[in-house]
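A structural walkthrough
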Amino acid sequence: MKGLLLKYVDEIGSNTEFWDNEKKELGSSNIRNLAIMANNAECYKELRLFIQYKTAKGNGWDKDFNRDERFGDVILRYMDDIYERCDRDENETLKNISKFFGYLYWKRSALEK
(Lines give C-alpha, C1' and ligand atoms only; values in the text may rest on other atoms or scores of the structure.)
Protein backbone atom coordinates (compact mmCIF):
# COMPACT_ATOMS: atom_id res chain seq x y z
CA MET A 1 0.00 0.00 0.00
CA LYS A 2 2.87 2.39 0.77
CA GLY A 3 4.03 2.31 -2.84
CA LEU A 4 0.54 3.08 -4.07
CA LEU A 5 0.13 6.00 -1.65
CA LEU A 6 3.46 7.45 -2.77
CA LYS A 7 2.37 7.05 -6.40
CA TYR A 8 -0.82 8.99 -5.67
CA VAL A 9 1.17 11.76 -4.00
CA ASP A 10 3.54 11.94 -6.97
CA GLU A 11 0.56 12.21 -9.32
CA ILE A 12 -0.90 15.07 -7.28
CA GLY A 13 2.46 16.79 -6.91
CA SER A 14 3.19 16.59 -10.63
CA ASN A 15 0.57 19.23 -11.43
CA THR A 16 3.05 22.07 -11.08
CA GLU A 17 0.72 24.61 -12.69
CA PHE A 18 -1.80 24.07 -9.88
CA TRP A 19 0.78 24.17 -7.07
CA ASP A 20 2.50 27.26 -8.46
CA ASN A 21 -0.84 29.11 -8.26
CA GLU A 22 -1.79 27.78 -4.80
CA LYS A 23 1.11 29.04 -2.75
CA LYS A 24 -0.98 30.55 0.05
CA GLU A 25 -4.38 28.89 0.27
CA LEU A 26 -3.25 25.27 0.30
CA GLY A 27 -0.23 25.41 2.51
CA SER A 28 1.51 22.39 3.95
CA SER A 29 0.05 22.87 7.43
CA ASN A 30 -3.46 22.73 5.94
CA ILE A 31 -2.65 19.29 4.56
CA ARG A 32 -0.71 18.17 7.64
CA ASN A 33 -3.79 18.72 9.81
CA LEU A 34 -5.68 16.21 7.67
CA ALA A 35 -3.23 13.46 8.58
CA ILE A 36 -4.01 14.15 12.23
CA MET A 37 -7.74 14.28 11.54
CA ALA A 38 -7.60 10.91 9.77
CA ASN A 39 -5.96 9.42 12.85
CA ASN A 40 -8.67 10.88 15.08
CA ALA A 41 -11.70 10.15 12.88
CA GLU A 42 -14.05 7.40 14.01
CA CYS A 43 -15.05 6.37 10.51
CA TYR A 44 -14.22 6.99 6.88
CA LYS A 45 -17.50 8.77 6.13
CA GLU A 46 -16.71 11.36 8.81
CA LEU A 47 -13.42 12.28 7.14
CA ARG A 48 -15.00 12.17 3.68
CA LEU A 49 -17.71 14.59 4.79
CA PHE A 50 -15.07 16.96 6.15
CA ILE A 51 -13.26 17.01 2.78
CA GLN A 52 -16.58 17.73 1.06
CA TYR A 53 -17.08 20.62 3.49
CA LYS A 54 -13.59 21.99 2.80
CA THR A 55 -14.22 21.78 -0.94
CA ALA A 56 -17.51 23.68 -0.62
CA LYS A 57 -15.95 26.26 1.71
CA GLY A 58 -13.11 27.03 -0.67
CA ASN A 59 -9.66 28.09 0.54
CA GLY A 60 -8.03 26.36 -2.42
CA TRP A 61 -9.94 23.11 -2.15
CA ASP A 62 -12.46 24.38 -4.70
CA LYS A 63 -9.84 25.38 -7.28
CA ASP A 64 -9.62 23.51 -10.57
CA PHE A 65 -6.93 20.87 -10.30
CA ASN A 66 -7.35 19.62 -13.84
CA ARG A 67 -9.83 20.19 -16.64
CA ASP A 68 -12.84 18.71 -14.94
CA GLU A 69 -12.05 18.26 -11.24
CA ARG A 70 -11.56 20.54 -8.28
CA PHE A 71 -8.70 19.79 -5.90
CA GLY A 72 -11.06 18.52 -3.18
CA ASP A 73 -12.75 16.17 -5.64
CA VAL A 74 -9.37 14.76 -6.68
CA ILE A 75 -8.52 14.09 -3.04
CA LEU A 76 -11.91 12.42 -2.51
CA ARG A 77 -11.30 10.19 -5.54
CA TYR A 78 -7.99 9.02 -4.12
CA MET A 79 -9.52 8.54 -0.67
CA ASP A 80 -12.37 6.47 -2.14
CA ASP A 81 -9.85 4.30 -3.94
CA ILE A 82 -7.91 3.74 -0.71
CA TYR A 83 -11.18 2.84 1.04
CA GLU A 84 -11.99 0.24 -1.63
CA ARG A 85 -8.46 -1.19 -1.64
CA CYS A 86 -8.71 -1.61 2.14
CA ASP A 87 -11.89 -3.65 1.59
CA ARG A 88 -13.86 -0.90 3.34
CA ASP A 89 -12.13 -1.68 6.63
CA GLU A 90 -12.49 1.56 8.62
CA ASN A 91 -9.33 1.26 10.72
CA GLU A 92 -7.13 0.20 7.82
CA THR A 93 -8.58 2.92 5.61
CA LEU A 94 -8.06 5.71 8.12
CA LYS A 95 -4.53 4.54 8.87
CA ASN A 96 -3.64 4.60 5.17
CA ILE A 97 -5.39 7.90 4.49
CA SER A 98 -3.43 9.40 7.37
CA LYS A 99 -0.22 8.16 5.70
CA PHE A 100 -1.46 9.55 2.36
CA PHE A 101 -1.91 13.02 3.87
CA GLY A 102 1.42 12.72 5.67
CA TYR A 103 3.18 11.97 2.39
CA LEU A 104 1.23 14.75 0.67
CA TYR A 105 2.36 17.11 3.44
CA TRP A 106 5.99 16.21 2.71
CA LYS A 107 5.42 16.77 -1.00
CA ARG A 108 3.69 20.12 -0.42
CA SER A 109 6.46 21.25 1.94
CA ALA A 110 9.04 20.44 -0.74
CA LEU A 111 7.04 22.36 -3.35
CA GLU A 112 6.83 25.41 -1.08
CA LYS A 113 10.62 25.74 -1.00
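The structure we're discussing is the one just above.
Not measured: the values here are computed from a predicted model.

In this model helix 3 (residues 28–40) runs 19 Å from its N-terminal to its C-terminal C-alpha over 13 residues, within 8% of the 18 Å that 1.5 Å per residue would give. Within helix 3, burial applies to Ser 28, Asn 30, Ile 31, Leu 34, Ala 35 and Ala 38. Projected onto a plane normal to the axis of helix 3, the buried residues spread over an arc of 165° and lie on a single side. Opposite the packed face of helix 3, turned more than 90 degrees from it, sit the exposed residues Asn 39 and Asn 40. On its buried side, helix 3 packs onto helix 2 (16–21), helix 4 (44–57) and helix 6 (90–112).

All right, on to unusual backbone geometry then. Backbone geometry at Asn 59 places phi at a positive 55°, although glycine is not the residue there. On the secondary structure map, Asn 59 appears in the loop between helix 4 and strand 1 (64–66). We note that Arg 88 has phi near 60°; this positive angle belongs to a residue other than glycine. Considering the arrangement of structural elements, one finds Arg 88 in the loop between helix 5 (71–85) and helix 6.

Criteria and cut-off values
Residues numbered from 1 in each chain as written. Predicted model: local features only at pLDDT ≥ 70, side-chain atom pairs only at ≥ 80, totals over all residues. Heavy atoms only, no water. Helix = DSSP H or I, 4+ residues; strand = E, 2+ residues; numbered from the N terminus. Expected span 1.5 Å × (residues − 1). Buried < 20%, exposed > 50% of the residue type's maximum accessible area, 1.4 Å probe, protein only. Arc of directions from axis to C-beta. Contact = heavy atoms within 4.5 Å.

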